[in-house]
Amino acid sequence: MRARREELGWSQEKVGVLIGIDESSSRARISRYELGVHEPAIATARLIADALGVSLPYLYCENDAVAHLLHALHQLPSEQQARRAEQLLATFR
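Definitions and limits used
- Residues numbered from 1 in each chain as written.
- Predicted model: local features only at pLDDT ≥ 70, side-chain atom pairs only at ≥ 80, totals over all residues.
- Heavy atoms only, no water.
- Helix = DSSP H or I, 4+ residues; strand = E, 2+ residues; numbered from the N terminus.
- Buried < 20%, exposed > 50% of the residue type's maximum accessible area, 1.4 Å probe, protein only.
- Contact = heavy atoms within 4.5 Å.
- Areas by Shrake-Rupley, 256 points an atom, 1.4 Å probe, with all protein chains shown as cover.
- Lys, Arg positive; Asp, Glu negative; His and termini not counted.
- Charge placed at Lys NZ, Arg CZ, Asp CG, Glu CD.
- 1 Å grid on protein atoms, 1.4 Å probe; cavity = no way out; pocket = protein on both sides within 12 Å on 5 of 7 lines; lining within 4 Å.
- Points joined across faces, edges and corners; volume = space filled by probe spheres on them.
- Nonpolar A, V, L, I, M, F, W, Y, C, P; charged D, E, K, R; others polar.

Some points on the overall build of the protein chain
Looking only at helices and strands, the protein chain features seven helices and zero strands. Walking the protein chain from its N terminus toward its C terminus, one meets helices and strands in the order α-α-α-α-α-α-α. Across the 93 residues of the protein chain, 28% fall into the buried class. For the protein chain, long-range pairs separated by at least 24 residues make up 28% of all intrachain contacts whose partners lie at least 6 apart in sequence. With an accessible surface of roughly 6200 Å², the protein chain has 52% of that area assigned to carbon and sulfur atoms. Counting 11 positive and 12 negative side-chain charges, the protein chain places the averaged centre of each group 2 Å from the other.

If you want it as structure tokens, here you go:
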């Protein structure tokens, strides 16, 4: 989450405000999520993912390379996502 936010050049406060957190507490809440002190509810995580332009699984991925792969797939038009994912999976068989 932090890497994507920084990639966009956004502050923690901006992300918090975009998802509807009060401006006075948005930085602290997003910081706690990024540090793993607190885990957002799924509904909140979806809002964060949407604001950052990533898929929900991206936020929970522990491996940066896999997260980047998920993000690349997420950026494709929906009709191409399944085809590309199947092509990638075929390389592992």
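Don't stop here, the text continues.
What to know about the environment of Ile-48
Among the secondary structure elements, Ile-48 is positioned in helix α4 (residues 42–52). Assessed through its relative accessible area of 0%, Ile-48 is described here as buried. Ile-48 sits 18 residues away from Ile-30 along the chain, and the two C-alpha atoms are 9.3 Å apart. In this structure Ile-48 touches Met-1, Ile-19, Ile-30, Tyr-33, Pro-40 and Leu-59, once residues within four positions along its chain are discounted.

Comments concerning the layout of surface pockets
There is about 530 Å³ of room inside the largest pocket. Lining the largest pocket are 21 residues, with Met-1, Arg-2, Tyr-33, Glu-34 and Leu-59 sitting closest to its centre. Contributing elements (two or more residues each) for the lining of the largest pocket: α1 (2–8), α3 (23–35), α4, α5 (56–60) and α6 (64–75). Top element by residues in the lining of the largest pocket is α1. It accounts for four residues. Its residues assigned to classes, the lining of the largest pocket shows 12 nonpolar, three polar and six charged.

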